[in-house]
Amino acid sequence: MRFFPSRTNADAYYEPNSFGGPVERPEFAEPPLKISGDAARYDHREGNDDYSQPRALFHLFNEEQKARLFSNIAEAMRGVPDDIVERQLGHFEHVHPDYAAGVRAALSGTDRVLTHSWG
């Protein structure tokens with residue numbers, strides 16, 4: 001649901017962002033609701049692993065599929081500010097070192113062979 005009028009600059013209407021867009025304001029959160037104890041917002045991040053599912057999928061890919069993945073991601077990231085690219089590469093590193101290295105190589109325009117195993 002949009003809470004603002006249409007604008008020509010559609011950057012950063014999400015959080016987190018690097019363009020001075022909206023940010024969470026905890027002071028506007030609803031107060032806890034008494035329901036056989038206090039209730040508040042559920043922290044969906046607690047106990048969740050953001051990397052195991054993409055890691056499992058990455059391990060299913062053969063070399064050709066991984067090469068396409070790296071190429072597609074690199075192409076989509078062209079023109080993105082370097083600090084954001086590096087932040088995203090850090091996430092790929094958490095998934096698997098070869099994932100980050102493959103995207104990094106594709107971004108640099110090289111077809112170099114990675115030193116890590118694909119397994």
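Note: the structure precedes this text.
If you're wondering where the values come from, they're calculated on a predicted model, not measured in any experiment. (Residues numbered from 1 in each chain as written. Predicted model: local features only at pLDDT ≥ 70, side-chain atom pairs only at ≥ 80, totals over all residues. Heavy atoms only, no water.)

1. Some remarks on the packing of helix α3 (residues 82-95) against helix α4 (residues 97-108)
The test is simple: Helix axes use the C-alpha atoms of the stretch in contact, all axes being lines fitted to C-alpha atoms, and the angles between their N-to-C directions lie in the range 0 to 180 degrees. Here a strand is any run of E in DSSP of at least two residues, a helix any run of H or I of at least four, and the numbering for each starts at the N terminus. Here a residue-residue contact requires only that any non-hydrogen atoms of the pair lie within 4.5 Å.
With their axes 5 Å apart at the nearest point, α3 and α4 run at an angle of 145° to one another. On α4, the residues touching Val85, Glu86, Leu89, Phe92, Glu93 and Val95 of α3 are Pro97, Tyr99, Ala100, Val103, Arg104 and Leu107.

2. Comments concerning the nonpolar core
A general trend in soluble globular proteins is that nonpolar side chains are found buried together. The line we're drawing: Definition of nonpolar core: a set of buried residues of the types Ala, Val, Leu, Ile, Met, Phe, Trp, Tyr and Cys, connected through side-chain atoms within 4.5 Å. Three exposure classes are used, based on accessible area relative to the maximum for each residue type with a 1.4 Å probe and protein chains only: buried under 20%, partly exposed in between, and exposed over 50%.
By size, the foremost hydrophobic cluster in this structure holds 14 residues, and its most contacted members are Leu69, Phe70, Ile73, Met77, Phe92, Tyr99 and Val103. Those elements giving two or more residues to this core turn out to be α2 (63-77), α3 and α4. Ranked by residues supplied to this core, first place goes to α2 with five residues. Discounting chain neighbours no more than four positions away, the residues touching Leu69 are Phe58, Phe61 and Tyr99.

3. Describing α4
So the rule is basically this: A helix is expected to span 1.5 Å for every residue after the first.
Its twelve residues give α4 an end-to-end C-alpha distance of 17 Å, which sits within 8% of 16 Å, the value for a rise of 1.5 Å per residue. Among all positions in α4, only Asp98, Tyr99, Ala100, Ala101, Gly102, Val103, Ala105 and Ala106 are buried. Of the surrounding secondary structure, the elements contacted by the buried residues of α4 are α1 (52-60), α2 and α3. Once α4 finishes, Gly109 follows within two positions and takes phi at roughly 80°, a positive value.

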